[in-house]
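# Breakdown of the fold
As a plain string of letters, each chain reads:
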Amino acid sequence: MPESRCLQGIWSSPWIFIFAASGSAVGLGNIWKFPYVLGQNGGGAFLLVYCLCLLLVGLPVLMAEVALGRTVRSNPIDTVNDLSERRIVHSAWVFVPWLAGVTGFLILTFYSVIAGWSLGYLDRAVSGDFAGITQAGASNMFDTLLATPTEMLLWHSVFMALVVLTVGQSVTRGLSAVVRILLPVLVVTLLLLACYSMMIGDMNQALDFMFRWSWKDITFDVVLSAVGLALFSLSVGMGAMFAYGAYMSKRMSIARACSIVVGVDLLVAILAGLVIFPLAFSFQIDVEAGPSLTFVSLPIIFGGLPGGQFFAGVFFLLLVVAALTSAISMLELFVAWLHEKFYIARLKAALLMGIAVWFVGIAVLLSFNHWDSKLLFGLNFFELLDEFTSLILLPVGAISLSILVAWFIPHSMLQNEMITKQVTHFQWWYKTLKYISIPAMIVITFAGWIGA
């Protein structure tokens, strides 16, 4: 296919694709979720399993999604329709990109609310509200934010406006311009923060917790959490990499680019742990505190450090940046489809989708206060969305896409997409996806559903 086939444009260089894909992967899952999931699952054992999941599940599925996106050089929905018209796959497979798009849309509805918390805490950090704060004061600060829907609505609206304005630009002007600046800044700043944290905090205990493991700590729950976080963190199953693959030059090696993306994703997650755990152990904060580790424990830590106001501001700014680079990819699938299918201007398409996300997000933020009633299975609206997307939509989407690529797309077509320049590397990817990634995702997903 000619490079001009894609109406959205082509990444100007392999590194811009890597920055964009890494930006999509690096988000709240790395800086907010990874540390607390690591803390809840025993530290080093979880990190080991997580690395294996990235290698044997995350990377093969990521490569499959990018390869499928590049086959037709169009938005994901029209890509599958095109393959169907050419009698390569059955038309029923169009449910895969639709499922991916809906998954990304639903995740963004609560992702933007949590990103709004980061904006709220950035404001508090800059204002010096963390200075000398106690455990009770930090808990009260977080509870007050959740109990104030007007403030959460403000930050939710600000964040979605940033997402819409970025996605509304062309790929070459909007998205690539943002990620080529923000991603390197994020990684370097996290590295500096990690160095500072290890000098000030309890480095030895943190390193021991994060990197020491034993076989008895590897349980099924640890594996289930690791697979789920690997898929969520890499943004697979949400259509983001599907869309980004369509903007990828035919000259780029998918294997090399995706391997770097996975490496960056893991690096940022480990750096986030090295920022949080030395300080948490030094201040005797419970590392198993869960989601509140970032929004309750860190203000206490930063409030007691010299220069804490500055470092708190930097950390929560990084959290906002990471959330933004991921969120813009979640909106891309439907924006690209509206632009190519109905010739709607990108900014208008982004605005339409952004407004829809914003409205559903209102119901999400209200579920923390006025609408905090249990709807089904003892869960409120936010909890239902979180469970539905992470336990059902994400794994089903990733499994379906992988089956489509591994079992129905012709072997020769995949080779032509230059998955890798080395035949042995291609065979490793193809067989790993077919015989390890897909069975592992199926077994773990069904076991999770039945509560094994």
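Residues numbered from 1 in each chain as written. Predicted model: local features only at pLDDT ≥ 70, side-chain atom pairs only at ≥ 80, totals over all residues. Heavy atoms only, no water.

### Things to note about the overall build of the protein
A tally of helices and strands in the protein yields 18 helices and 0 strands. Relative to the compact-globule value of 22 Å for 452 residues, the protein shows a C-alpha radius of gyration of 21 Å, a close match. Structurally, the protein occupies a C-alpha span of about 65 × 50 × 45 Å along its principal axes. Relative to its 452 residues, the protein shows a buried fraction of 62%. Pairs at least 24 residues apart make up 83% of the contacts formed inside the protein by residues separated by at least 6 positions. Carbon and sulfur atoms form 67% of the exposed surface of the protein, whose accessible area is close to 17,100 Å². Computed over 21 positive and 23 negative side-chain charges, the inter-centroid distance for the protein is 16 Å. (Helix = DSSP H or I, 4+ residues; strand = E, 2+ residues; numbered from the N terminus. Rg over C-alpha atoms; globule rule 2.2 N^0.38 Å. Buried < 20%, exposed > 50% of the residue type's maximum accessible area, 1.4 Å probe, protein only. Contact = heavy atoms within 4.5 Å. Areas by Shrake-Rupley, 256 points an atom, 1.4 Å probe, with all protein chains shown as cover. Lys, Arg positive; Asp, Glu negative; His and termini not counted. Charge placed at Lys NZ, Arg CZ, Asp CG, Glu CD.)

### A closer look at the packing of helix H3 (residues 44–72) against helix H18 (residues 423–450)
Geometry of a packed helix pair, given as the angle between the helix axes and the separation of the axes. With their axes 9 Å apart at the nearest point, H3 and H18 run at an angle of 115 degrees to one another. For the pair H3 and H18, the sense of crossing is left-handed. In this structure, H3 uses Leu55, Leu56, Val57, Leu59, Pro60, Val61, Met63 and Ala64 to contact H18, whose residues at the interface are Trp428, Trp429, Thr432, Leu433, Ile436, Ser437, Ala440 and Met441. A breakdown of the residues in the contact of H3 with H18 according to their chemical character gives 14 nonpolar, 2 polar and no charged. (Axes fitted to C-alpha atoms, helices over the stretch in contact; angles between N-to-C directions. Left-handed = near helix turned anticlockwise from the far one by under 90°. Nonpolar A, V, L, I, M, F, W, Y, C, P; charged D, E, K, R; others polar.)

### Quick word on the side chain of asparagine 380
Among the secondary structure elements, asparagine 380 is positioned in the loop between helix H15 (346–366) and helix H16 (381–408). Of the polar contacts made by the side chain of asparagine 380, one reaches the backbone nitrogen of phenylalanine 382; its length is 3.2 Å. Not counting residues up to four positions away in its chain, the partners in contact with asparagine 380 are Ser367, Asp372, Ser373, Lys374 and Leu375. (Polar contact = N/O pair within 3.5 Å; in protein donor to acceptor, adjacent residues only side chain to side chain.)

### Quick word on the pattern of salt bridges
Applying the stated criterion to the full structure yields 5 salt bridges. Put simply, aspartate 208 and arginine 212 hold a salt bridge, and the shortest N to O gap is 3.0 Å. Using a relative accessible area of 34% as the deciding quantity, one classes aspartate 208 as partly exposed. Since its relative accessible area comes to 60%, arginine 212 is described here as exposed. (Salt bridge = Lys/Arg side-chain N within 4 Å of Asp/Glu carboxyl O.)

### As for the confidence of the model for the protein
Scored by pLDDT, the protein comes out at a mean of 85, with 93% of its residues at no less than 70. Low pLDDT, under 50, characterises residues 1–5; the predicted model gives this stretch 13 contacts beyond four residues in sequence or across chains. (pLDDT = per-residue confidence, 0-100.)

### What to know about a nonpolar patch on the surface
There is a patch of nonpolar side chains on the surface, built from Phe388, Leu391, Ile392, Phe446, Trp449 and Ile450 and spanning about 600 Å² of accessible area. Of all the secondary-structure elements, those providing two or more residues to the nonpolar patch are H16 and H18. Along the chain, the position of leucine 391 falls in helix H16. Judged by its relative accessible area of 39%, leucine 391 falls in the partly exposed class. (Patch = residues over 30% accessible without salt bridge, like charges linked within 9 Å, V, L, I, M, F, W, Y side chains within 5 Å.)

### Here we look at the packing of helix H2 (residues 28–40) against helix H14 (residues 308–342)
Remark: H2 packs on H14, axes separated minimally by 8 Å, with the N-to-C direction vectors making an angle of 120 degrees. When the axis of H2 is compared with that of H14, the two are oblique. Touching Leu28, Ile31 and Trp32 of H2 are Phe315, Leu318, Leu319, Ala322 and Ala323, all from H14. A class-by-class count of the residues in the contact of H2 with H14 yields 8 nonpolar, no polar and no charged. (Parallel < 35°, antiparallel > 145°, perpendicular 65-115°, else oblique.)

### Remarks on helix H6 (residues 135–146)
Its 12 residues place the ends of H6 17 Å apart at the C-alpha level, agreeing with the 16 Å of an ideal helix rising 1.5 Å per residue. Turning to H6, its buried residues are Ala138, Met141, Phe142, Leu145 and Leu146. Taken end-on, H6 shows its buried residues confined to a sector of 135 degrees, consistent with a single buried face. Buried residues along H6 sit against helix H5 (95–126), helix H7 (149–167) and helix H13 (292–303). (Expected span 1.5 Å × (residues − 1). Arc of directions from axis to C-beta.)

### What to know about the environment of threonine 134
Inspection of the secondary structure puts threonine 134 in the loop between H5 and H6. Measuring from C-alpha to C-alpha, the distance between threonine 134 and phenylalanine 334 comes to 45 Å, with 200 residues separating the pair along the chain. Of note is the side chain of threonine 134, whose polar atom sits 3.1 Å from the backbone nitrogen of glycine 137.

### A few points about the packing of aromatic side chains
With the rule as written, the count across this model stands at 35 aromatic pairs. Taken together, a centroid distance of 5.4 Å and an interplanar angle of 90 degrees make the contact between phenylalanine 315 and phenylalanine 316 edge-to-face. You'll find phenylalanine 315 and phenylalanine 316 in the same group, each marked buried. Here the basic side chain of lysine 434 rests over the ring of tryptophan 407, its NZ or CZ set 4.2 Å away from the ring centre. (Phe/Tyr/Trp six-rings, centres within 6.5 Å; stacked < 30°, edge-to-face > 60°. Lys NZ or Arg CZ within 6 Å of the ring centre and 35° of its normal.)

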